[in-house]
Amino acid sequence: MVEEQLKPKAVIVIFGATGDLAKRKLYPSLYRMFRSGKIEDFAVIGAARRPWTNESYRENVEQSVKNIDMRDKDLQAFSSRFFYQPVDVTNSASYQDLNSLIQELEEDFHTEGNRVFYLAMAPEFFGIIAKNLKLHGLKDSAGWKRLVIEKPFGHDLPSAKQLNEEIRSAFDEDQIYRIDHYLGKEMVQNIEVIRFANGLFEHLWNNRFISNIQITSSESLGVEERARYYDHSGATRDMAQNHMMQMVALLAMEPPINLTTEEVRSEKIKVLRAMRSVNPEDVDAYFVRGQYGPGQIAGSEVTGYREETEELQDSDTETYVAGKIMIDNYRWAGVPFYIRTGKRLAVKSTKIVVEFQNIPMNLYYENKDDQHPNLLVINIQPEEGVTLYLNAKKDKVGHAEPIKLSYRNNLTDHGINTPEAYEKLLYDCLLGDATNFTHWDEVALSWSFIDSILAGWRMKRPAFPNYASGTMGPDAANKLLSKNGHHWWPVEE
Ligand SMILES: NC(=O)C1=CN([C@@H]2O[C@H](COP(=O)(O)OP(=O)(O)OC[C@H]3O[C@@H](n4cnc5c(N)ncnc54)[C@H](OP(=O)(O)O)[C@@H]3O)[C@@H](O)[C@H]2O)C=CC1
Ligand SMILES: O=C1O[C@H](COP(=O)(O)O)[C@@H](O)[C@H](O)[C@H]1O
């Protein structure tokens, strides 16, 4: 049973209702919330240009949730709350029609004037929609108003600033929910809990005991249908500026004084401020970029990035990035945070490996180099869980070997359904909890850090492609670690 105060009421307007994100993520998330009783008094308005009707829209919504275990009765009760409104967001007449429909539904569904505007559209429309929502009075009713914004939030710091100013001219910061879907992942949310709910780790969580921290988010897929977007973005903007930076911040932040949005964000912001800015001339000492060539994934031949479509044939866009991030503060001085992410890599896996320093002398390994450091591995996906690597007695006294203590958080083990990232974030937004959304200051600091890397890379044309599909990236990424006496821990297991 969900408690009454945890059942938010709202009209949810989805701009971009006919698009991929709405279909793949938003409708299934809403359905699961509905099924679990988290939302009861709600209506959804789908807005886009296509001349759909309520009926055709509902069919599409039903189709998009068909893989979720369902009862027909529920499905109809769910889809009957969906209404379609043809809208061209660049045409101001659209907003008046939309407002009339919202007001009508507010009466019928008792949503108390609460409204979520979800912008599941290309970023060039974010500013214009926000402006028109204000101009045409869609923010004026009683009840709360929230604006959910998809990524990418800008292309660099200046464009992000401009976008932010446009949005802020219509919405207050506390009404803006900038989505970073990694912040909705169960094990990303668990980083904080593992750190701050266990005396075991927090005392060791600093440069006296940790040697380095590695964050890998590898994908085996290529760019698929998103080549046009991706080629203007690249791995650094697409993954590092947002998801990877957020994970670094969660791993490195100080314990907040409480779990409110303001306190958690404020600690993350301090980490982002302490990240050592990379001088563009020195970029090669800190960051490595790559682009995939042809290769094999799961036994099948796949093409290189430049052969994916005709428009990519001369592309210098990076599909891989690895970097060493130094956090110049009291806790972390001297400890590299290594990040890497890329497409068409050997496996789909997101993992964090915390490598502890070795003890100065180990009696149980004949060869010092065989000594296995203690590792804390946070498995974010596809497995969810935590593994701690310890050394324990081998067959005979005087010998040790690494053993694993594993905790698996996966749904199958518990017979429960871990909500998907989008479901959690959408629910948080409906409840008014912005903790797992990014504040403008975080976005700005991340861009400022990333812009210097990109500026360094612009000075020199890359020799692409430089890694074969199905590998774990260019060799230079291994050298980035080996020059510090480190190596990437495998993410395949
Ligand atoms: N798809 C994904 O997996 C992810 C997407 N995102 C982000 O989500 C956003 C949406 O992406 P995605 O769903 O893939 O994009 P799509 O191209 O699939 O959808 C775009 C939507 O915008 C609508 N649209 C375009 N122009 C107008 C207009 N002038 N007025 C009204 N509606 C318009 C389209 O509908 P119509 O043609 O009917 O007007 C369509 O519904 C982007 O910001 C993207 O970066 C982020 C992470 C992952
Ligand atoms: O934001 C993005 O994330 C996905 C990877 O997300 P995951 O949850 O599957 O790890 C990535 O494929 C996409 O390019 C990027 O825009």
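- By the naming in an unreviewed UniProt entry, the protein is Glucose-6-phosphate 1-dehydrogenase, taken from Tigheibacillus halophilus.
- The UniProt entry for the protein carries this comment under Function (unreviewed entry): "Catalyzes the oxidation of glucose 6-phosphate to 6-phosphogluconolactone."
- What UniProt records for the protein under Sequence similarities (unreviewed entry) is the sentence "Belongs to the glucose-6-phosphate dehydrogenase family."

Regarding the site of ligand 1
Thought 1: Close to ligand 1 lie 20 residues; Thr-18, Asp-20, Arg-24, Arg-49 and Arg-50 are nearest.
Thought 2: Side-chain polar atom of Asp-88 to a nitrogen atom of ligand 1: 3.0 Å apart, as the coordinates give it.
Thought 3: A distance of 3.0 Å is found between a nitrogen atom of ligand 1 and a backbone nitrogen or oxygen belonging to Val-89.
Thought 4: Protein burial of ligand 1: of its 890 Å² of free accessible surface, 80% is covered by the chains.
Thought 5: At three residues, the largest contribution of residues to the shell around ligand 1 is made by helix α1 (residues 20-35).
Thought 6: When grouped by side-chain class, the residues that make up the shell around ligand 1 number ten nonpolar, three polar and seven charged.

Thoughts on the environment of Ser-100
Thought 1: Within the fold, Ser-100 resides in helix α4 (residues 93-109).
Thought 2: Using a relative accessible area of 44% as the deciding quantity, one classes Ser-100 as partly exposed.

Looking at the pattern of salt bridges
Thought 1: Overall, the coordinates contain 27 salt bridges when judged by the stated rule.
Thought 2: Of the charged contacts, one joins Glu-308 and Arg-344 as a salt bridge, the two residues approaching to 3.9 Å between their closest N and O atoms. With Glu-308 in the loop between β10 (300-302) and β11 (320-326) and Arg-344 in the loop between β12 (336-342) and β13 (349-356), this residue pair connects regions lying 36 residues apart in the sequence.
Thought 3: Given a relative accessible area of 26%, Glu-308 falls into the partly exposed group.
Thought 4: Each member of the salt-bridge network shares a partner with another, and the members are Arg-195, Glu-202, Glu-254 and Arg-331.

Some details on the site of ligand 2
Thought 1: In the region of ligand 2, the neighbouring residues are Lys-151, His-181, Tyr-182, Lys-185, Glu-219, Arg-226, Asp-238, Met-239, His-243, Lys-343, Lys-348 and Gln-381.
Thought 2: Interatomic distance of 2.7 Å between a side-chain N/O atom of His-243 and an oxygen atom of ligand 2.
Thought 3: Side-chain polar atom of Lys-343 to an oxygen atom of ligand 2: 2.8 Å apart, as the coordinates give it.
Thought 4: Considering ligand 2 on its own, with 390 Å² of exposed area, one finds that the protein chains cover 83% of that surface.
Thought 5: Ranked by the residues each element gives to the shell around ligand 2, the list is headed by helix α10 (residues 234-252), at three residues.
Thought 6: A breakdown of the residues in the shell around ligand 2 according to their chemical character gives two nonpolar, three polar and seven charged.

Considering the UniProt feature "binding site: substrate" (unreviewed entry) in the protein
Thought 1: Per the UniProt annotation, the sites labelled "binding site: substrate" (unreviewed entry) are His-181, Lys-185, Glu-219, Asp-238, Lys-343 and Lys-348.
Thought 2: One can find His-181 in the loop between β6 (176-178) and α7 (186-196).
Thought 3: With relative accessibility at 23%, the residue His-181 sits in the partly exposed group.
Thought 4: Apart from the residues within four sequence positions on either side, His-181 is in contact with His-243, Ala-421, Tyr-422 and Leu-425.
Thought 5: Among the structural elements, Asp-238 can be located in helix α10.
Thought 6: By relative accessible area, Asp-238 is classed as buried at 2%.
Thought 7: In this structure Asp-238 touches Lys-151, Arg-226, Tyr-229, Tyr-230, Ser-233, His-243 and Lys-343, once residues within four positions along its chain are discounted.

Comments concerning the pairing of strand β14 (residues 375-381)
Strand residues, when the strand is regular, have side chains that alternate between the two faces of the sheet.
Thought 1: Of all seven residues in β14, seven are buried, a share of seventy percent or more.
Thought 2: Looking at chain direction, β13 and β14 are connected through six bridges and run antiparallel. Looking at β14, one finds that Lys-351 is bridged to Asn-379.
Thought 3: Sheet topology note: the β14/strand β15 (residues 385-393) ladder contains five bridges and is antiparallel. In the strand pairing of β15, Leu-375 is matched with Tyr-389.
Thought 4: In this structure, the hairpin formed by β14 and β15 is closed by a connection of three residues.

Cut-offs applied
Residues numbered from 1 in each chain as written. Chains lettered and ligands numbered in written order. Predicted model: local features only at pLDDT ≥ 70, side-chain atom pairs only at ≥ 80, totals over all residues. Heavy atoms only, no water. UniProt positions renumbered as here; feature names shortened; annotations may be inferred. Near = heavy atom within 4 Å. Polar contact = N/O pair within 3.5 Å; in protein donor to acceptor, adjacent residues only side chain to side chain. Areas by Shrake-Rupley, 256 points an atom, 1.4 Å probe, with all protein chains shown as cover. Helix = DSSP H or I, 4+ residues; strand = E, 2+ residues; numbered from the N terminus. Nonpolar A, V, L, I, M, F, W, Y, C, P; charged D, E, K, R; others polar. Buried < 20%, exposed > 50% of the residue type's maximum accessible area, 1.4 Å probe, protein only. Salt bridge = Lys/Arg side-chain N within 4 Å of Asp/Glu carboxyl O. Contact = heavy atoms within 4.5 Å. Pairing = 2+ DSSP bridges.

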